[in-house]
Amino acid sequence: MEHYVNRYYITEVDRYVDTIYCHHAVMGEKFIPEHEHKKGQFLYTEGGVVYLNTPQQSYFLPARHYIWIPAGVRHSIHPSTPEVIMRNLYFPVYEYDDAFFTQTAIYPVNDLLMELMMFTNRWNGNIRPEEESRYAIAKAFKMLLPELSKGALPLALPYPDDSRLLKIVEYLDEHVSDSIGFKQIADRFGISERSLARLFQRELNMSFIQYFTILRMLKGLKLLLDDKLSINEVAAKVGYSSLPTFSNTFTKIVGVRPSEYVKHRSLWDR
């Protein structure tokens, strides 16, 4: 039986500089408020979808993926249900660390990484260097991450600062099922197409079509995982009349075909 999250662990993580902190727990609540750590964080979740917000971006953490959160990055955690299980490992920062550990990013979890992570399920709390066997295993886990985590997935959307763009992305969020073109948005909000294109690139570092496509896929993931809809139903709800087009786009962005999500959904939700 899993433990429930105790807020105490948030401060306990950084109590000792050189320890690796391990924490497996059921969320037991609707969110964990904004905080940061002096250690880098590996976060994997089971039993639902998790949104993780930083001051710059909103990340979507689906099943069978983990997020790496570098030391010093402020973040809050918002699960789709309090029954979501979190599996956390917090690692000290070293000068010789790979550049991989400086970027907040989401990666798929392969079978080897899953086995290594589940091996740590028996541990909770600080793992000290003098505990040579456990510490060596946990440290090796961290060192293997860059090698086992190829291809960060764009499962995040940045927050715009510009008030005009804020209204536009709110509108897009509410109309993912509609067929919306770039010119239509420019006309609706009274902005020239050239200015709107520049606004997306400057504020979000992506084009309108890139933003809207990722938004639709994130909505599609949530519908597949949370609402248990069929692939056909999901495709229609995020604006795709062609199932092959939706499936191909989903695969390109998420890294796995929607049929694979449906196939393994019951396993991931245990």
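Use the structure listed above.
Residues numbered from 1 in each chain as written. Predicted model: local features only at pLDDT ≥ 70, side-chain atom pairs only at ≥ 80, totals over all residues. Heavy atoms only, no water.

Chemist: How would you sum up the packing of aromatic side chains? Please name residues and give values.
Modeler: Counted according to the given criterion, the structure contains 19 aromatic pairs. On the numbers, 5.7 Å between centres and 75 degrees between planes, the contact of Tyr171 with Phe189 is edge-to-face. Of this pair, Tyr171 sits in helix α4 (residues 163-174) while Phe189 is found in the loop between α5 (182-188) and α6 (193-204), placing the two residues 18 residues apart along the sequence. Judged by its relative accessible area of 27%, Phe189 is partly exposed. Ring pairs connect the aromatic residues Phe42, Tyr66, Trp68, Phe91, Phe100, Phe101, Tyr107 and Phe141, which therefore count as one cluster. (Phe/Tyr/Trp six-rings, centres within 6.5 Å; stacked < 30°, edge-to-face > 60°. Helix = DSSP H or I, 4+ residues; strand = E, 2+ residues; numbered from the N terminus. Buried < 20%, exposed > 50% of the residue type's maximum accessible area, 1.4 Å probe, protein only.)

Chemist: Just give me the short version of the sheet that holds strand β8 (residues 75-79), but keep the residues and values in it.
Modeler: If you trace the five strands from one edge of the open sheet to the other, you get β3-β8-β5-β6-β12, paired in antiparallel fashion. Of all the strands in the sheet, the pair left with one neighbour each is β3 (32-35) and β12 (156-158). Averaged over all neighbouring strand pairs, the angle between strand axes comes to 15 degrees, with direction disregarded. Running at roughly 135 degrees to β12, helix α7 (residues 208-225) makes contact with β5 (50-53), β6 (57-61) and β12 of the sheet. (Pairing = 2+ DSSP bridges. Axes fitted to C-alpha atoms, helices over the stretch in contact; angles between N-to-C directions. Contact = heavy atoms within 4.5 Å.)

Chemist: Go over the nonpolar core, please, and point to the residues and values.
Modeler: Counting residues in each nonpolar core, the largest one holds 58 residues, and the members touching the most others are Leu172, Phe200, Tyr211, Leu221 and Phe246. Counting residues per element, this core draws most heavily on α7, which supplies eleven residues. If we skip the residues at most four places from it in the chain, Phe246 touches Met217, Ile231, Val234, Ala235, Val238, Tyr240 and Pro258. Counting residues in hydrophobic clusters, the runner-up holds 23 residues, among them Ile20, Cys22, Ala105 and Ile127. (Core = buried A, V, L, I, M, F, W, Y, C linked by side-chain atoms within 4.5 Å.)

Chemist: How would you explain the pattern of salt bridges if you had to name every residue and give the values?
Modeler: Counted by the stated rule, this structure contains eleven salt bridges. Lys142 is paired through a salt bridge with Asp97; the nearest N and O atoms lie 3.0 Å apart. On the criterion of sequence distance, the pair formed by Lys142 in helix α3 (residues 132-148) and Asp97 in the loop between β9 (85-91) and β10 (105-108) is long-range, its members being 45 residues apart. We classify Lys142 as buried; its relative accessible area is 4%. With a relative accessible area of 18%, Asp97 lands in the buried category. Between Asp162 and Arg164 there is a salt bridge; the shortest N-O distance is 3.1 Å. Salt bridges linked by common partners bring Asp162, Arg164, Arg202 and Glu203 together as one network. (Salt bridge = Lys/Arg side-chain N within 4 Å of Asp/Glu carboxyl O.)

Chemist: Explain the side chain of Gln41 to me, and be specific about the residues and the numbers.
Modeler: Examined against the element boundaries, Gln41 turns out to sit in strand β4 (residues 40-46). Side-chain polar atoms of Gln41 contact the side chain of Asn88, separated by 2.8 Å. (Polar contact = N/O pair within 3.5 Å; in protein donor to acceptor, adjacent residues only side chain to side chain.)

Chemist: Mind laying out the pairing of strand β2 (residues 20-26), listing which residues take part and the relevant values?
Modeler: Counting buried positions over the seven residues of β2 gives seven, a clear majority of the element. Both faces of β2 are covered, namely the face carrying Ile20, Cys22, His24 and Val26 and the face carrying Tyr21, His23 and Ala25. Taken together, the three bridges between β2 and strand β11 (residues 125-127) define a ladder with antiparallel strand orientation. Bridging across to β11, Ile20 finds its partner in Ile127. Inspection of the sheet shows β2 paired to β9 by six bridges, in the antiparallel sense. Among the inter-strand pairings, His24 is bridged to a residue of β9, identified as Arg87.

In short, the description is geometric, and any link to function would need to be established separately.
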